[in-house]
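Here is how the chains run, residue by residue.
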Amino acid sequence: MVDVNIVAFDEANKESIRLVREQVFIQEQHIDPEIEFDGLDTQAVHVLVVDGEQPLGTGRILANGHIGRIAIMQAARGQGLGVKVVRALVEYAKQQGYPKVDLGAQTHAVDFYRKLGFTLYGDEFMEANIPHQAMVMLLEHP
């Protein structure tokens, strides 16, 4: 049973969050650990996807509405888990009354975010030696 949970970067969850991000960003994408673990995790709200005790994916949102660190373990890709992570973060932002959320999409993932309702803004930029594109979603509130 796959669960998608809003969690803190605390003793109960940080090991699982780090495991996913180390595998995806540091091992697969060769991102410097100092860039990946930027000191903002304790200030962020995280989504953690697990199957039982097995962490499958994660993502975070900062207090300014910036979504990032969306990562799904290689063996769990193609199951719609990335969509669930992003939707959970957007829903959290709506509940908090954020007017918008934004992110820096790796350029290969622009279409993924576009299908979820994000739109492009600004110029392409480099982060961690990977081309990115800024994207935003304006949020509606009841």
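These remarks concern the structure in this document. (Residues numbered from 1 in each chain as written. Predicted model: local features only at pLDDT ≥ 70, side-chain atom pairs only at ≥ 80, totals over all residues. Heavy atoms only, no water.)

Observations concerning the overall build of the protein
Okay, so step 1: Within the protein one finds four helices and eight strands.
Okay, so step 2: Seen in sequence order, the protein has helices and strands lined up from the N terminus as β-α-α-β-β-β-α-β-α-β-β-β.
Okay, so step 3: Over its C-alpha atoms the protein spans a radius of gyration of 14 Å, differing by no more than 12% from the 14 Å that the globule rule assigns to 142 residues.
Okay, so step 4: Partitioning the contacts of the protein with sequence separation of at least 6, the portion at a separation of at least 24 is 60%.
Okay, so step 5: Here the protein has roughly 7,900 Å² of accessible surface; of this, 50% comes from carbon and sulfur atoms.
Okay, so step 6: Positive and negative side-chain charges in the protein, numbering 12 and 20 respectively, have mean positions lying 5 Å apart. (Helix = DSSP H or I, 4+ residues; strand = E, 2+ residues; numbered from the N terminus. Rg over C-alpha atoms; globule rule 2.2 N^0.38 Å. Contact = heavy atoms within 4.5 Å. Areas by Shrake-Rupley, 256 points an atom, 1.4 Å probe, with all protein chains shown as cover. Lys, Arg positive; Asp, Glu negative; His and termini not counted. Charge placed at Lys NZ, Arg CZ, Asp CG, Glu CD.)

Regarding the nonpolar core
Okay, so step 1: I61, I67, V90, V101, Y113 and F118 are the most contacted members of the largest nonpolar core, which has 29 residues in total.
Okay, so step 2: Taken together, the elements giving at least two residues each to this core come down to β2 (45-51), β3 (54-61), β4 (66-72), α3 (81-95), β5 (100-106), α4 (110-115) and β8 (130-138).
Okay, so step 3: Broken down by element, this core gets its largest block of residues, eight residues, from α3.
Okay, so step 4: Setting aside anything within four residues of it in sequence, one finds V101 in contact with I61, G65, I67, V90, A93, F118, M135, V136, M137 and L139. (Core = buried A, V, L, I, M, F, W, Y, C linked by side-chain atoms within 4.5 Å. Buried < 20%, exposed > 50% of the residue type's maximum accessible area, 1.4 Å probe, protein only.)

Thoughts on the layout of surface pockets
Okay, so step 1: Roughly 780 Å³ of volume is contained in the largest pocket.
Okay, so step 2: In this structure, the largest pocket is lined by 39 residues; those nearest its centre are F25, I70, A71, Q106 and Y113.
Okay, so step 3: Listing elements by their share of the lining of the largest pocket, those giving two or more residues are α1 (14-28), α2 (33-36), β4, α3, β5, α4, β7 (125-127) and β8.
Okay, so step 4: Split by residue class, the lining of the largest pocket holds 21 nonpolar, 11 polar and seven charged. (1 Å grid on protein atoms, 1.4 Å probe; cavity = no way out; pocket = protein on both sides within 12 Å on 5 of 7 lines; lining within 4 Å. Points joined across faces, edges and corners; volume = space filled by probe spheres on them. Nonpolar A, V, L, I, M, F, W, Y, C, P; charged D, E, K, R; others polar.)

Structural notes on α1
Okay, so step 1: With 15 residues, α1 should reach 21 Å at 1.5 Å per residue; the first-to-last C-alpha distance of 20 Å fits that figure.
Okay, so step 2: When the local axis directions of α1 are compared, the greatest deviation, roughly 35°, occurs at E22.
Okay, so step 3: Within α1 the residues assigned to the buried category are S16, I17, V20, R21, V24, F25 and I26.
Okay, so step 4: Looking at the buried residues of α1, the elements they touch are β1 (2-7), α2, β2, β3, β4 and β5. (Expected span 1.5 Å × (residues − 1). Bend = angle between axes of the 7 residues up to and from the residue.)

What to know about α3
Okay, so step 1: Spanning 15 residues, α3 covers 21 Å between terminal C-alpha atoms, matching the ideal 21 Å at 1.5 Å per step.
Okay, so step 2: Of all the residues in α3, the buried ones are L81, G82, V85, V86, A88, L89, V90, Y92 and A93.
Okay, so step 3: Directly after α3, the chain includes G97, whose backbone phi takes a positive value near 80°.

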